[in-house]
Amino acid sequence: MAWNTFESKPTSHWILLTLSSLAMLVAFPASSLLSRVYYSDGGKSKWIISWVAVAGWPIPALVLIPTYFVLGTFPTPLTLKLVSSYVVLGFLTAADNLMYAYGYAYLPASTASLLGSTSLIFCALFGYLLVKNKINASTVNAIILITAAMAIITLDSDSDRYGYVTDRQYALGFMWNILGSLLHGLIFALSELVFIKLLGRRSFHVVLEQQVMVSLFGFLFTTIGLIVNDDFRGMSSEATTFKGGKTSYISVLVWGVVTFQLGVLGGTAVLFLASTVLAGVLNSIRVPLTSIAAVILLNDPMSGFKILSLVITFWGFGSYIYGNYPQSKDSS
């Protein structure tokens, strides 16, 4: 069966799928680690890290333009409703990135990654409320397991707190990370609603169009925040005091821009080259990868309770993927 499946697609398909999968498994964890490195090496601005997450919007645009010629398609006409939806999603994305920035500022990367996995809970809930997606027993089981895993981290919070982080800062980082996951789930459901109500179709170039437009508006909103907060001028002072100097500072920000967009592009490609199931599997695998990489590369604390939380989270992801496999297979 595996050989028949392999032969059913051209070699180029499997090469692209492999590269897309690697992009998800490498770029997303790298982006998370770079966000943490920015703060640990002297960065302080929440707006700068939020800006980095959307400053790479031209990257998917460079991928999108050739698809019009290769696939023989045309750009989707921009109606007032469609543009308005992109503006709203762009604003929510900017707010979401800002919330996650607080998490990386005050929490270890491994903890922030685990807390980010709660977005699955909110994706399921908002998908049920807004898009009328079904919630089955496996989904409920996943929600319970991931909630339990987060409770374990909360009870064991003293074991992974940096010495320079106050109780208030840790609580803020924890709270904003969870709220960021909630908003991420809302954005996911609203994006699906746009496809259903306004576009009526789901194809590779249409998803890329949405990614470009939402990232563009998110970039505009975040840039306004940077200007109002006077953080553009603060970049020069941060660079001079950054560990490793100006070159290291620029490298962290530039690679942060590239890795975040490559991760999103990889996820988009996996979704259409394979299925939502494989995208879900890879998305769940990147949580422990990020945590392990943070322990090895950044010397993040890893207590027994955090390991238990990691195992339970992975179990919850597995339950969700298993329970939604038939539905995802049909929809793909």
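Definitions and limits used
Residues numbered from 1 in each chain as written. Predicted model: local features only at pLDDT ≥ 70, side-chain atom pairs only at ≥ 80, totals over all residues. Heavy atoms only, no water. UniProt positions renumbered as here; feature names shortened; annotations may be inferred. Salt bridge = Lys/Arg side-chain N within 4 Å of Asp/Glu carboxyl O. Buried < 20%, exposed > 50% of the residue type's maximum accessible area, 1.4 Å probe, protein only. Helix = DSSP H or I, 4+ residues; strand = E, 2+ residues; numbered from the N terminus. Contact = heavy atoms within 4.5 Å. Phe/Tyr/Trp six-rings, centres within 6.5 Å; stacked < 30°, edge-to-face > 60°. Lys NZ or Arg CZ within 6 Å of the ring centre and 35° of its normal. Polar contact = N/O pair within 3.5 Å; in protein donor to acceptor, adjacent residues only side chain to side chain. Core = buried A, V, L, I, M, F, W, Y, C linked by side-chain atoms within 4.5 Å.

In the annotation of an unreviewed UniProt entry, the entry for the chain reads Probable purine permease, and the organism field reads Rehmannia glutinosa. Under the UniProt heading Subcellular location (unreviewed entry), the entry covering the chain gives this text: "Membrane". Per UniProt, the chain carries the Sequence similarities (unreviewed entry) text "Belongs to the purine permeases (TC 2.A.7.14) family."

**Student:** Describe in detail the pattern of salt bridges, supporting the description with residues and values.
**Tutor:** Applying the stated criterion across every chain yields a total of one salt bridge. The partner of Arg233 in a salt bridge is Asp230, with the nearest N and O atoms 2.7 Å apart. On the basis of relative accessible area, Arg233 is assigned to the exposed category, the value being 60%.

**Student:** Outline the side chain of Asp96, supporting the account with residue identities and numerical values.
**Tutor:** Looking at the secondary structure, you find Asp96 in helix H5 (residues 80-106). Those residues in contact with Asp96, other than ones at most four positions away along the chain, are Gly180, Ser181, Leu183, His184 and Ile187.

**Student:** I'd like a rundown of the packing of aromatic side chains, residues and numbers included.
**Tutor:** In total, this model carries eleven aromatic pairs according to the counting rule given. Cluster of aromatic residues (ring-pair linked, three or more members): Tyr38, Tyr39, Phe242 and Tyr249. When the ring centre of Phe28 is taken as reference, the NZ or CZ atom of Arg286 above it lies at 4.5 Å.

**Student:** Could you give an account of the environment of Ser84, with specific residues and numbers?
**Tutor:** Within the secondary structure, Ser84 sits in helix H5. Ser84 gets classed as partly exposed once you look at its relative accessible area, which sits at 34%. Only 2.7 Å separates the side chain of Ser84 from the backbone oxygen of Leu80, close enough to count as a polar contact.

**Student:** Can you lay out unusual backbone geometry for me, pointing to particular residues and giving the numbers?
**Tutor:** Most peptide bonds take the trans configuration, and most residues that are not glycine carry a negative phi. In the Ramachandran plot, Asp230 falls in the positive-phi region, its phi being about 60 degrees despite a non-glycine side chain. Tracing the sequence through the fold places Asp230 in the loop between helix H10 (204-228) and helix H11 (231-241). The phi dihedral of Asn299 falls on the positive side, at around 60 degrees, and the residue is not glycine.

**Student:** Tell me what's going on with the UniProt feature "transmembrane region" (unreviewed entry) in the chain, and back it up with residues and numbers.
**Tutor:** With numbering aligned to this structure, UniProt lists the feature "transmembrane region" (unreviewed entry) at residues 48-71, 83-105, 111-131, 138-155, 175-200, 212-229, 249-282 and 303-322. Secondary structure across residues 138-155 divides into 100% helix and 0% strand, with the first and last C-alpha atoms of the span separated by 26 Å. Helix and strand shares over residues 303-322 are 95% and 0% respectively, and the end C-alpha atoms of the span are 29 Å apart.

**Student:** Could you give an account of the side chain of Ser119, with specific residues and numbers?
**Tutor:** Looking at the secondary structure, you find Ser119 in helix H7 (residues 119-130). Classification of Ser119 by relative accessible area gives buried; the value is 14%. Once residues within four sequence positions are removed from consideration, Ser119 is found in contact with Tyr100, Ser181, His184 and Gly185.

**Student:** Which residues make up the nonpolar core, and what are the values?
**Tutor:** Core analysis: the largest hydrophobic core is formed by 45 residues, its most contacted members being Tyr38, Tyr39, Ile48, Trp51, Met150 and Tyr249. Among the elements that make up this core, the one with the highest residue count is helix H8 (residues 137-155) (seven residues). Setting aside residues no more than four positions away along its own chain, Tyr38 makes contact with Gly43, Lys44, Ser45, Ile48, Ile49, Glu238, Phe242, Tyr249, Val252 and Leu253. With 20 residues, the next largest nonpolar core counts Val194, Phe195, Leu199 and Val206 among its residues.

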